[in-house]
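Below are the chains, spelled out letter by letter.
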Amino acid sequence: MPAVTPDSVPQPAGPAAGTGHPDHAEEHVHSPERETRRPVPMRDQQTLVEAGELLRALAAPVRIAIVLQLRSGERCVHELVEALGVTQPLISQHLRVLKSAGVVHGERHGREVVYRLVDEHLAHIVVDAATHAEEISGRRPRPTATTRTIEPHRQETETA
């Protein structure tokens, strides 16, 4: 495979091509039928890094299942083992990841540790991702434009 160099990459031609340099950028003009929107304010870099770390911590099927279990209430490890059908060491390993990411909090009660979600935003992220996955796979009908599923048996009507 030939090496890619600046000289080997085809450059756009013509007056709309610009110079490629940010200081000499030409204003982009959208199609007349397309509405021009203002840019969304950018979040600070630290917030984006932390959000990425949170999403990485949630990016395992067992951890998603744990969060879905904990959204209905606190659970100890043996309850999660029973509900999810996986081994105790595997549940404990995933709980450690979720705990270090600030997703769950564990509190000792005698010989067992009871886990709960740190905040409800986390459950919404996971529920929305699972619902979306069901919709695109065809296992769940898409909600209408005026309703949004909040819990499996409750819908919230959005006002326009």
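Bear in mind that the values here come from a model prediction, so they are computed numbers and not experimental data. (Residues numbered from 1 in each chain as written. Predicted model: local features only at pLDDT ≥ 70, side-chain atom pairs only at ≥ 80, totals over all residues. Heavy atoms only, no water.)

Student: I'd like to hear about the overall build of the protein chain, residue by residue, with values.
Tutor: Along the protein chain, the regular secondary structure elements total five helices and five strands. In sequence order, the protein chain lays out its α and β elements as α-α-β-α-α-β-β-α-β-β. A total of 160 residues make up the protein chain; the buried ones form 20% of that total. Excluding contacts between residues fewer than 6 apart, the proportion of contacts in the protein chain whose partners are at least 24 apart in sequence is 43%. (Helix = DSSP H or I, 4+ residues; strand = E, 2+ residues; numbered from the N terminus. Buried < 20%, exposed > 50% of the residue type's maximum accessible area, 1.4 Å probe, protein only. Contact = heavy atoms within 4.5 Å.)

Student: Describe the side chain of Arg63, with residues and values.
Tutor: Positionally, Arg63 belongs in helix 2 (residues 61-70). A distance of 3.0 Å separates the side chain of Arg63 from the side chain of His94, its partner in a polar contact. Apart from the residues lying within four places of it in its own chain, the contact partners of Arg63 are Arg56, Ala57, His94, Val97 and Leu98. (Polar contact = N/O pair within 3.5 Å; in protein donor to acceptor, adjacent residues only side chain to side chain.)

Student: Hey, could you go over the confidence of the model for the protein chain for me, with residue numbers and the actual values?
Tutor: Of the residues in the protein chain, 70% reach a pLDDT of 70 or more, and the chain-wide mean stands at 79. This model gives residues 145-160 a pLDDT under 50, and the stretch forms 16 contacts once residues within four places in sequence are excluded. (pLDDT = per-residue confidence, 0-100.)

Student: Give a description of the packing of helix 2 against helix 3 (residues 77-84) that names residues and reports values.
Tutor: Put simply, helix 2 and helix 3 touch, their axes get as near as 11 Å, and they point 115° apart. Our classification of the angle between helix 2 and helix 3 gives roughly perpendicular. Here helix 2 and helix 3 pass one another in a crossing that is right-handed. Between helix 2, through Val62, Ala65, Ile66, Gln69 and Leu70, and helix 3, the contact on the second element is made entirely by Leu80, Ala83 and Leu84. Of the residues in the contact of helix 2 with helix 3, the class split is seven nonpolar, one polar and no charged. (Axes fitted to C-alpha atoms, helices over the stretch in contact; angles between N-to-C directions. Parallel < 35°, antiparallel > 145°, perpendicular 65-115°, else oblique. Left-handed = near helix turned anticlockwise from the far one by under 90°. Nonpolar A, V, L, I, M, F, W, Y, C, P; charged D, E, K, R; others polar.)

Student: Tell me what's going on with the nonpolar core, and back it up with residues and numbers.
Tutor: In terms of nonpolar packing, the biggest core is built from 18 residues, with Ile66, Leu95, Val103 and Val104 touching the most fellow members. Elements supplying a minimum of two residues to this core: helix 2, helix 3, helix 4 (88-100), strand 3 (112-117) and helix 5 (120-137). In terms of residue count, the dominant contributor to this core is helix 2 (four residues). Apart from the residues within four sequence positions on either side, Val104 is in contact with Leu70, Leu95, Leu98, Lys99, Tyr115, Arg116, Leu117 and Val118. (Core = buried A, V, L, I, M, F, W, Y, C linked by side-chain atoms within 4.5 Å.)

Student: So what's going on with a negative patch on the surface? Residues and values would help.
Tutor: A grouping of Glu74, Glu79, Glu82, Glu107 and Glu112 is seen on the molecular surface, where their side chains present a negatively charged patch. Mapped onto the elements of the fold, Glu82 is located in helix 3. (Patch = residues over 30% accessible without salt bridge, like charges linked within 9 Å, V, L, I, M, F, W, Y side chains within 5 Å. Areas by Shrake-Rupley, 256 points an atom, 1.4 Å probe, with all protein chains shown as cover. Salt bridge = Lys/Arg side-chain N within 4 Å of Asp/Glu carboxyl O. Lys, Arg positive; Asp, Glu negative; His and termini not counted. Charge placed at Lys NZ, Arg CZ, Asp CG, Glu CD.)

Student: Run through the environment of His105, naming residues and quoting values.
Tutor: With respect to the secondary-structure elements, His105 resides in strand 2 (residues 104-109). Sequence separation between His105 and Leu95 is ten residues, and the spatial gap between their C-alpha atoms is 9.1 Å. Excluding its chain neighbours within four sequence positions, the residues that come into contact with His105 are Val114, Tyr115, Arg116 and Val118.

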